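Structure assessment
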Amino acid sequence: MTARIRLRRTAIAVALAVTTGGALLTGCGPTTDGTSSAASAVATTASAAPLGPVGATPSATPSAAPSPSASATPGSAAPSPSAPASPSTAAPSAAATPAAAVNGTAHSALTISDGTRYVLMNGTSVDFGTAVRDLSWSPNGAKAAFIDGSGDLVVANPDGSGRVVVARNPGGQTWSHPAWQVAAADSQYQLQGKNNLFFAVSKDGVSRLKTVPATAVNGTPADLPLGNLSDPDVAPLPTTGNTWPNGGGHNGAAVYANTRTGEVFIRDDYLRQQGSAIAKGSQPAISPDGDDVVFVRSVDGHDHIFELSDHGTTSKDLTPHATTDYTEPSWSPDGRTLAVRTPNGIATLPADGSAAPAQVSGHPGLPAYRGGHR
């Protein structure tokens, strides 16, 4: 990658060295980028044409620009089975291969979901047995997390089987955009391993970030801590208006957006939880190695994809000649490619911006890459 975020780590390292007497360690603290206004909130989409039953050809009818997440209000989905409270052993039916030119997921790790029970992957349409909203894959690709037709947070196998309700929506809330936080234990610094899910909860028009262990069954979500840099001159980070969390990197870092400030924030949870605003924009995604962040920003009437560059101090427009909206970016497992949503389907582009986006699927939906895919 040519654009890297080199996050400042000095303050927390010094603090830890003083308080623990240990070696000089590192933490994150990027420089804020305020060079442009925030991307405006993306308009709510009309329902995308469903992927349809197995063997059906998905519709390529353009949709309106997508919202930050598909609706996850309990009871709002088309009728479908609710996910069970305990693990399910029944595997949904397999799928025939839709037309490759429309599907666009063959021979890649790309998956596409649209809020129905069907998910495009591996050139096929997989029936998950319940509505699948805001699909997110664990880093190794072994598990899928999503919001189901009852508005609950669910984890399942890649074929839709083994569904587990990780946390049950109590009602009156909209849950959206689960993101994985996975990190190995570090015996050298006595750090425990992490396997959590972050997601956004909207209640009475107020959005907050929550967390729950990814292995929980009917677990109780907790508020996600959002501490700022070890700097007395930095104002406390906002705890409301936060949405669209996304995780990446080996140490459990995450990014998210705030609808009130119009900024993208980073959350470092390596040695001490801290974070800060890093750019104006929305719908962020952090690269698999944790070094790069892409996000959406409105430019001249269209949504563009930006990436932090020049050591995290400026933003680079990866789609400077956009004549349509590019939203909801997702990183490929190798960090070389981005998939983005357009009104007409899914496009991909090099993560360094060296080529314009090229449409690969005619079905509008949420793109997501399945890590560890073979």
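Residues numbered from 1 in each chain as written. Predicted model: local features only at pLDDT ≥ 70, side-chain atom pairs only at ≥ 80, totals over all residues. Heavy atoms only, no water.

Glancing now at the environment of Thr105. With respect to the helices, strands and loops of the structure, Thr105 is situated in the loop between α2 (100-103) and β1 (110-113). Taking relative accessible area as the criterion, Thr105 reaches 0% and is therefore assigned buried. Separated by 17 residues in the primary sequence, Thr105 and Asn122 have C-alpha atoms spaced 5.3 Å apart. Excluding residues within four positions of it along the chain, Thr105 makes contact with Leu110, Thr111, Ile112, Leu120, Met121, Asn122, Gly123 and Thr124. Of the polar contacts made by the side chain of Thr105, one reaches the backbone nitrogen of Gly123; its length is 2.8 Å. (Helix = DSSP H or I, 4+ residues; strand = E, 2+ residues; numbered from the N terminus. Buried < 20%, exposed > 50% of the residue type's maximum accessible area, 1.4 Å probe, protein only. Contact = heavy atoms within 4.5 Å. Polar contact = N/O pair within 3.5 Å; in protein donor to acceptor, adjacent residues only side chain to side chain.)

This brings us to the nonpolar core. Leu153, Val166, Trp175, Leu197 and Val212 are the most contacted members of the largest nonpolar core, which totals 14 residues. Beyond its immediate stretch of four places on either side in the chain, Val212 contacts Leu153, Val166, Asn196, Leu197, Phe199, Gly219, Thr220 and Pro221. (Core = buried A, V, L, I, M, F, W, Y, C linked by side-chain atoms within 4.5 Å.)

Residue Gln190 is not a glycine yet carries a positive backbone phi of 55°. Note on Gln190: relative accessible area 74%, which makes it exposed. For Asp300, which is not glycine, the phi dihedral falls at a positive 50°. Residue placement: Asp300 occurs in the loop between β17 (293-299) and β18 (302-309). Using a relative accessible area of 77% as the deciding quantity, one classes Asp300 as exposed.

The strand order β8-β9-β10-β11 describes an open sheet built from 4 strands, whose pairing is antiparallel. Pairing within the sheet leaves two strands with one partner each, and these edge strands are β8 (174-183) and β11 (222-223). As paired elements, strand β10 (residues 206-213) and β11 share 2 bridges and run antiparallel to each other. What sits directly across from Lys210, in β11, is Asp223. (Pairing = 2+ DSSP bridges.)

Under the criterion given, the structure shown has 4 aromatic pairs. Taking 4.9 Å as the distance between ring centres and 50° as the angle between the ring planes, the aromatic pair formed by Trp175 and Phe199 counts as tilted. One end of the pair, Trp175, is in strand β8; the other, Phe199, is in strand β9 (residues 194-203), and 24 residues separate them in sequence. Seen from the ring of Phe306, Arg297 lies directly overhead, with NZ or CZ sitting 4.5 Å from the centre. One cation-aromatic arrangement involves Arg370 over Trp137; the distance from NZ or CZ to the ring centre is 5.6 Å. (Phe/Tyr/Trp six-rings, centres within 6.5 Å; stacked < 30°, edge-to-face > 60°. Lys NZ or Arg CZ within 6 Å of the ring centre and 35° of its normal.)

This paragraph deals with the confidence of the model for the chain. Atomic detail in the predicted coordinates should be set aside for any region of low pLDDT. Per-residue pLDDT for the chain averages 78, and the proportion of residues at 70 or more is 70%. A low-confidence stretch, residues 1-49 stays under pLDDT 50, and its non-local contacts, those more than four residues away or across chains, total 124 contacts. (pLDDT = per-residue confidence, 0-100.)

Moving on: the layout of surface pockets. Roughly 700 Å³ of volume is contained in the second largest pocket. Those elements that place two or more of their residues in the lining of the second largest pocket are β4 (133-137), β8, β12 (242-248), β16 (282-286), β20 (327-331) and β24 (366-369). (1 Å grid on protein atoms, 1.4 Å probe; cavity = no way out; pocket = protein on both sides within 12 Å on 5 of 7 lines; lining within 4 Å. Points joined across faces, edges and corners; volume = space filled by probe spheres on them.)

Burial runs high along strand β14 (residues 263-268): 6 of the 6 residues are buried. The side-chain alternation of β14 yields two buried faces, one formed by Glu263, Phe265 and Arg267 and the other by Val264, Ile266 and Asp268. Examined bridge by bridge, strand β13 (residues 253-258) and β14 share 5 bridges and lie antiparallel to one another. Within the sheet, the bridge partner assigned to Asn258 lies in β14 and is Glu263. What sits between the antiparallel neighbours β13 and β14 is a turn of 4 residues, in which Gly262 has the positive phi angle 70°. Both β14 and strand β15 (residues 274-280) contribute to a ladder of 6 bridges, which runs antiparallel. Across the sheet, Phe265 pairs through a bridge with Ala277, a residue of β15. Where β14 folds back onto β15 in an antiparallel hairpin, the turn is made up of 5 residues.

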